[in-house]
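One-letter residues, chain by chain:
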Amino acid sequence: MSTVVEDWELGALIDGTLPPGRTDEIQRALANAPALRARLEAFEADQAALEGVGDALAVSGPLPPAIDALSARLERSLARPSRWPRLSGPVPQVARYAAVLVVGAALGWGAAASQDQAAVPETALALVDEATEIHQTAALAPGFAREASSATIGLLDSLFARDLEPPDLSEWGFHVARVDVVATDDGPAAVFAYTDADAHLVTLVMSMSAGMIASLRGEADTPRVTTHDGLAVSYGQVPGLAFAIVGTVTEARILAIARRVEVALSA
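Worth saying up front: this structure is predicted, and the values here are computed from it rather than measured.

What to know about the overall build of the chain
When you go through the chain residue by residue, the secondary structure sums to 11 helices and 7 strands. Within the chain, the proportion of its 267 residues that are buried is 47%. Across the chain, contacts joining residues at least 24 apart in sequence account for 65% of those joining residues at least 6 apart. Here the chain displays about 12500 Å² of accessible surface, and carbon together with sulfur accounts for 56% of that area.

Structure (structure tokens):
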């Protein structure tokens, strides 16, 4: 077997779902590889954080029907098998606590969502929903995505058959930190996570799915901006791609960033 240990294998090791032979190989490698041990410890810390959130957000009794349906959709989205190569690591832990994240959104951000969803056209709501869920997960467990590098970005280019060079957001103090591929109801999406000097996060989600792109065709003027689940979201499209950028910033700032993204993706 390969001596290279993939992120998903570390996740499977933590979950106890790795084949015994490969488990033994990785355990031997861990004894002599400090960098590999550090990666494993980072994933274990993410798992502990997710478990802590689960305990903190535990609720008794049945969930409201709308939240229960959203919880099930998010769990399916994160847990379903995929033919696409995964750039992130231990997805099973995220799937296990997907319902908890949704309950947290319902309890913590529900009031904001009820006020702002009407501002989002029904056709664009799927993209906005997916983007905010992806951002919330990325903020909770950043170690599940790969660090940005030319090699990782090259994998994205190959996977989506499109140049996906991350837009330069340094004008606003943000620099791309991590890269991921996530499952959505309309297929895989590419994700760039940007951070600034104060560790603030903005997340750029890009979908090449025909359904996502078609959902924005009625939007004459994009990018648009809204507040959804307590987060500023700006979304738009360029030929062959729908995008949304999400962050805990003002609507004016996220819209300015989205306009820069639009120009970069159109180039």
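A few points about the sheet that holds strand E1 (residues 146-147)
Taken together, 7 strands build an open sheet; the order of strands is E1-E2-E3-E4-E7-E6-E5 and the sheet is antiparallel. Two strands in the sheet have a free side with no partner beyond their single neighbour: E1 and strand E5 (224-228). Note that E1 and strand E2 (residues 175-184) share 2 bridges and pair antiparallel. Its bridge partner lying in E2, Arg 146 is registered against Val 179. Strands in contact with helix H8 (residues 125-140) are E2, strand E3 (187-195), strand E4 (201-207), E5, strand E6 (231-238) and strand E7 (241-247); relative to E4, the strand with the most contacts, it is inclined by about 135 degrees.

Observations regarding the nonpolar core
Counting 26 residues, the largest nonpolar core has Phe 192, Met 206, Phe 243 and Ile 245 as its most contacted members. Those elements giving two or more residues to this core turn out to be helix H9 (150-160), E2, E3, E4, E6, E7 and helix H11 (251-266). The element that contributes the greatest number of residues to this core is H11, accounting for 5 residues. The residues contacting Ile 245, other than those within four sequence positions of it, are Leu 169, Val 202, Thr 203, Leu 204, Ala 232, Val 233, Ser 234, Ile 254, Ile 257, Ala 258 and Val 261. Counting residues in hydrophobic clusters, the runner-up holds 18 residues, among them Ala 131, Met 212, Val 233 and Tyr 235.

Examining the packing of helix H1 (residues 7-15) against helix H2 (residues 20-31)
Between H1 and H2, whose axes approach to 11 Å, the crossing angle comes to 105 degrees. One way to sum up the angle between H1 and H2 is to call them roughly perpendicular. The segment H1 lies against H2, with Glu 9, Leu 10 and Leu 13 engaging Arg 22, Thr 23, Ile 26, Gln 27 and Leu 30. Of the residues assigned to the contact of H1 with H2, the class counts are 4 nonpolar, 2 polar and 2 charged.

Concerning the pairing of E6
Taking burial as the measure, the 8 residues of E6 include 8 buried ones, the bulk of the element. Here E6 shows no split at all, with Leu 231, Val 233, Tyr 235 and Gln 237 on one side and Ala 232, Ser 234, Gly 236 and Val 238 on the other all buried. In this sheet, E6 lies alongside E5 in antiparallel orientation, the contact comprising 5 bridges. Bridging across to E6, Thr 226 finds its partner in Val 233. As consecutive antiparallel partners, E5 and E6 are separated by 2 residues, and within that stretch Asp 229 has a phi angle of approximately 55 degrees, a positive value.

Quick notes on H1
Turn by turn, an α-helix covers 3.6 residues, leaving residues three or four places apart pointing in a common direction. In terms of burial, H1 is a largely internal element, 7 of the 9 residues being buried. When H1 is considered as a whole, its buried residues turn out to be Asp 7, Glu 9, Leu 10, Gly 11, Ala 12, Leu 13 and Ile 14. Just downstream of H1 lies Gly 16, where phi reads positive at about 80 degrees.

Side note on the environment of Ile 134
With respect to the secondary-structure elements, Ile 134 resides in helix H8. Expressed as a C-alpha distance, the spacing of Ile 134 and Thr 203, which sit 69 residues apart in the sequence, is 8.0 Å. Excluding residues within four positions of it along the chain, Ile 134 makes contact with Val 182, Thr 184, Val 191, Thr 203 and Val 205.

Observations concerning the pattern of salt bridges
On inspection of all chains with the given rule, the structure shows 3 salt bridges. Note that Glu 9 is salt-bridged to Arg 22, the shortest N-O span being 2.7 Å. Taken as a pair, Glu 9 in helix H1 and Arg 22 in helix H2 lie far apart in primary sequence, 13 residues in all. Relative accessible area serves as the criterion here: at 7%, Glu 9 is assigned to the buried category. Arg 178 is the salt-bridge partner of Glu 147, the closest N and O atoms lying 4.0 Å from each other. With Glu 147 in strand E1 and Arg 178 in strand E2, this residue pair connects regions lying 31 residues apart in the sequence. On the basis of relative accessibility, which here comes to 56%, the residue Glu 147 falls in the exposed class. On the basis of relative accessibility, which here comes to 22%, the residue Arg 178 falls in the partly exposed class. Within this structure, Glu 9, Arg 22 and Glu 25 form a network of salt bridges that share partners.

Definitions and cut-offs
Position labels on residues start from 1 in each chain and follow its written sequence. Only residues with pLDDT of 70 or above have their local features reported here, since the model is predicted, and side-chain atom pairs are shown and tallied only from 80 upward, although totals for entire chains, interfaces and linings are computed over all residues. Working from all heavy atoms in the structure, the side-chain values ignore hydrogens and water. The helix and strand labels rest on DSSP assignments: H or I over at least four residues marks a helix, E over at least two residues marks a strand, and numbering proceeds from the N terminus. The buried label applies to any residue whose accessible area, calculated with a 1.4 Å probe on protein chains only, is under 20% of its type's maximum; exposed applies above 50%, and partly exposed to all values in between. By the convention used here, residues are in contact when the closest approach between their heavy atoms is within 4.5 Å. Method for areas: the Shrake-Rupley scheme with a 1.4 Å probe, in which residue coverage is limited to the protein chains shown. Should DSSP find at least two bridges between two strands, the strands are taken to pair. Lines fitted to C-alpha atoms define the axes here, with helix axes fitted over just the stretch in contact, and angles between the N-to-C directions of these axes take values from 0 to 180 degrees. By convention a nonpolar core is built from buried Ala, Val, Leu, Ile, Met, Phe, Trp, Tyr and Cys residues, the set being connected through side-chain atoms within 4.5 Å. Roughly parallel refers to an angle under 35 degrees, roughly antiparallel to one over 145, roughly perpendicular to one between 65 and 115, and oblique to any angle outside these ranges. Note on residue categories: nonpolar means Ala, Val, Leu, Ile, Met, Phe, Trp, Tyr, Cys or Pro, charged means Asp, Glu, Lys or Arg, and polar means any other residue, Gly included. Criterion for a salt bridge: a side-chain nitrogen of Lys or Arg within 4 Å of a carboxyl oxygen of Asp or Glu.

Function-wise, these values are silent; they only describe arrangement.
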